[in-house]
Structure formats: C-alpha cells, structure tokens
Amino acid sequence: MKKLDIAKTVQLIIFLILTLASIDLVLLDPELYHMAGSDTRVRFLCGVLWLVLLLSFAFLLTDFILLSSYKKDYRELNHVVHSDPVAGIANRFSCDALIDRYLDKPLPDHMGCIMFDLTNLRDINRRYGHMQGNILIRDFSNILRLTSLDLCFVGRNGGNKFLALFEDCSREKLQLFLDRVQQKTDAHNAREGAYPIVYQYGIAFEDGEAAPTITELIALSNQRIYKEEQQDYE
C-alpha cells in the first residue's frame with residue numbers, strides 16, 4: 001500500500017509539472033500562442049492534448065479515491081482479524097502471532113508474562129446473562145489496554161483468560177503494570193451500579209530452566225494463577 005501511495009503521488013506530481021509547463025510554453029511564446037489561435041490543425045491538436053491531460057487527471061483522481069477506499073477496507077479487515085470482537089483488544093490469533101516469533105528459539109532475556117483470569121465471569125454469566133458478561137470482559141479489557149501503554153502487549157487468550165507479554169521486562173515494570181491494573185479496577189468497582197471485576201493473575205519472569213521457551217513461560221504463568229500466594233515484585 002505504501003509503495004502504491006508513493007507511485008501515485010509521483011504520477012500526480014509529474015502530471016502537474018507537465019501541465020504547468022505546457023501552459024507556460026503556450027502563454028509565453030507569442031508565435032505559438034498566435035498559431036494555436038489561428039491554425040485549425042494546431043488548435044485541434046492542442047484540444048486533444050488538453051483532453052488527454054484532463055482524462056489523465058480524472059484517472060489519477062479515481063485511483064486515489066479507490067486506493068483510499070481499499071486502505072479503509074484493509075484497516076477494517078485487519079481490525080476484524082486481529083481484534084477480539086467482544087474484548088476489543090488483541091485476540092487469540094494476535095497472541096499466537098506474537099508467540100510464533102519466539103517458537104523454537106531460546107527464551108530471550110528480560111521476557112516476562114502475566115496471565116489473568118477473570119474469575120467472576122462465569123458467575124456473572126450465570127446470574128445476569130452473557131450480555132452482562134460481555135460488558136465485564138470489555139471493561140476489564142479496556143483496563144488492560146490503558147494500563148499496558150508503553151509497557152507490554154495484552155490480548156484475550158480465550159474465555160476468561162487474558163495475556164500480558166513483556167518483551168523488555170523488569171520487576172519494576174511488572175509491578176507498575178499490576179499496580180495500574182489494580183487502581184483502575186478499584187475505580188471501576190467503586191462506580192455505582194457497576195458489576196465488580198474480580199481477577200487473579202500468575203507471573204512468570206526470570207525462572208531459568210523452569211521456563212526455557214515462550215510456551216513454557218506462558219504455561220508457567222497460567223499455572224501460578226491458582227497458587228494461594230502470588231509472587232510480589234516490589
């Protein structure tokens with residue numbers, strides 16, 4: 001798309017230069033100007049050339065309009081493919097695409113993972129219906145999206161599970177992220193009439209042989225959700 005944009009822009013610039021040069025040539029050359037006004041053949045030839053230029057401009061304008069439409073469709077399709085329709089954040093496909101970059105490779109240094117479990121989702125679905133459950137998913141997803149800025153990748157890993165992957169991780173970043181999530185969750189739960197967000201999380205970071213690959217890192221963080229005591233990174 002970017003190369004096509006550049007090509008069409010260059011075409012338009014060339015078209016404008018040629019058009020202005022032609023106008024300049026006719027207006028500044030008295031003999032040519034007089035010939036174009038008095039000679040039928042020259043006048044016809046000039047008319048044909050101007051028509052060609054006009055059609056060329058129309059074709060270029062049509063190309064730009066179509067290209068803009070294609071880019072909009074592409075963005076919408078890209079959003080549908082990579083975003084979870086309920087959560088509004090990255091879906092399982094996007095999570096897998098990021099994980100695929102590290103498959104069959106040793107786990108990079110400073111790679112961290114937090115897996116979240118929205119623990120009261122099933123209860124909300126059972127008591128109030130799936131529509132209210134979807135609202136809860138969106139609210140929690142928005143919290144993760146806002147708190148992850150400049151820190152990590154977040155996505156819905158299916159069901160009530162949410163994934164946060166840190167490619168340049170540190171204990172301070174993990175704790176900052178968790179603090180932000182807790183603060184925004186507390187603010188959400190304090191709103192009148194809001195259904196509470198209740199979650200647990202598991203952390204995997206700098207675990208050595210316990211998590212030598214990306215898949216084992218994620219699996220380890222998932223296992224740690226259900227431990228009674230979660231690790232503190234302060």
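The structure displayed is predicted, hence computed values, not measured ones.

Q: I'm lost on the nonpolar core in this one. Help?
A: Across soluble globular proteins, nonpolar side chains have a tendency to be buried as a group. Within the largest apolar cluster, 28 residues are counted, with the highest numbers of intra-cluster contacts made by I114, F116, F140, F166 and F177. For this core, the secondary-structure elements that each account for two or more residues are strand 1 (112-118), helix 5 (121-128), helix 6 (130-147), strand 3 (161-166), helix 7 (171-190) and strand 4 (199-205). Looking at this core, the element that brings in the most residues is helix 6, giving 5 residues. Judged by nonpolar contacts, the second largest core, of 17 residues, contains C95, L165, L217 and L220.

Q: Please explain the packing of helix 5 against helix 6 as it appears in this structure.
A: Helix-helix packing: each pair is described by the crossing angle between the helix axes and the interaxial distance. It is the contact of helix 5 with helix 6, at a shortest axis distance of 7 Å, that shows an interaxial angle of 150°. Residues L121, I124, N125 and Y128 of helix 5 touch helix 6, and the partners they reach there are H130, Q132, G133, L136 and I137. Class assignment of the residues belonging to the contact of helix 5 with helix 6 gives a composition of 5 nonpolar, 4 polar and no charged.

Q: So what exactly am I meant to see when it comes to helix 5 here?
A: Note on helix geometry: an α-helix contains 3.6 residues per turn, so any two residues three or four positions apart are oriented the same way. Listed in full, the buried residues belonging to helix 5 are L121, I124 and N125. Buried residues along helix 5 cover an arc of 100° about the axis, so they all sit on one side. When the buried face of helix 5 is taken as reference, the exposed residues oriented beyond 90 degrees from it are R122, R126 and R127. Packed against the buried residues of helix 5 are strand 1 and helix 6. The positive-phi residue at the C-terminal boundary of helix 5 is G129, with phi of around 100°.

Conventions and cut-offs
- Residues numbered from 1 in each chain as written.
- Predicted model: local features only at pLDDT ≥ 70, side-chain atom pairs only at ≥ 80, totals over all residues.
- Heavy atoms only, no water.
- Core = buried A, V, L, I, M, F, W, Y, C linked by side-chain atoms within 4.5 Å.
- Buried < 20%, exposed > 50% of the residue type's maximum accessible area, 1.4 Å probe, protein only.
- Helix = DSSP H or I, 4+ residues; strand = E, 2+ residues; numbered from the N terminus.
- Axes fitted to C-alpha atoms, helices over the stretch in contact; angles between N-to-C directions.
- Contact = heavy atoms within 4.5 Å.
- Nonpolar A, V, L, I, M, F, W, Y, C, P; charged D, E, K, R; others polar.
- Arc of directions from axis to C-beta.

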